[in-house]
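These are the residues of each chain, in order.
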Amino acid sequence: QVQLVESGGGLVQSGGSLRLSCVSSGSTLSITHMGWYRQAPGKERDVVATITRTGTTSYTDSVKGRFTISKDGAANAIYLQMNNLKPEDTAVYYCNYQNVIRQNYWGQGTQVTVSS
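This structure is a prediction, so every number in the text was calculated from the model and none was measured.

S.K.: I'm lost on the overall build of the protein in this one. Help?
M.R.: Assigned secondary structure in the protein consists of zero helices and eleven strands. Each helix and strand of the protein, placed in order from N terminus to C terminus, yields the pattern β-β-β-β-β-β-β-β-β-β-β. Taking 2.2 N^0.38 as the reference for a compact globule, 116 residues should give roughly 13 Å; the C-alpha atoms of the protein span a radius of gyration of 13 Å, in line with that estimate. Along the first, second and third principal axes, the C-alpha atoms of the protein reach 40 × 25 × 20 Å. With 116 residues in all, the protein has 39% of them scored as buried. A separation of at least 24 residues holds for 53% of the contacts in the protein among residues at least 6 apart in sequence. Total accessible area on the protein is roughly 6000 Å²; 47% of this is exposed by carbon and sulfur atoms.

S.K.: It is not clear to me how the side chain of N96 should be interpreted in this structure. Could you clarify?
M.R.: Mapped onto the secondary structure, N96 falls in strand β9 (residues 91-99). A relative accessible area of 4% places N96 in the buried class. Looking at N96, its side chain comes within polar contact range of the side chain of N104, at 3.1 Å. A distance of 3.5 Å separates a polar side-chain atom of N96 from the backbone oxygen of Y105. Once you skip the residues sitting within four places of it in the chain, N96 turns out to touch L4, H33, M34, G35, Y37, N104, Y105 and W106.

About the criteria used
Residues numbered from 1 in each chain as written. Predicted model: local features only at pLDDT ≥ 70, side-chain atom pairs only at ≥ 80, totals over all residues. Heavy atoms only, no water. Helix = DSSP H or I, 4+ residues; strand = E, 2+ residues; numbered from the N terminus. Rg over C-alpha atoms; globule rule 2.2 N^0.38 Å. Buried < 20%, exposed > 50% of the residue type's maximum accessible area, 1.4 Å probe, protein only. Contact = heavy atoms within 4.5 Å. Areas by Shrake-Rupley, 256 points an atom, 1.4 Å probe, with all protein chains shown as cover. Polar contact = N/O pair within 3.5 Å; in protein donor to acceptor, adjacent residues only side chain to side chain.

This is the structure:
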């Protein structure tokens, strides 16, 4: 089992920055993929950025050049540096870990609100 605890959300003005953190506990030896997802009111949960255990990253088009995903060690924690935030980035952000058999673990979510 893997437990994930997120922090770092909040209220920020358009153009501002936030850094989200997701710290893991439990056994992460089988974790292969990690990432950040977000869910806006009335919408589905969508992927924002992912990082593999070996460090390969990917981003959804709308955040490329503004957000950076990183990790600590193999899978101790992941981070999401969000710069030049826009009102459309407002959502609840969830971290996700996925293991070799594609079991998913989720954090509790952290609210990010960007005011115009």
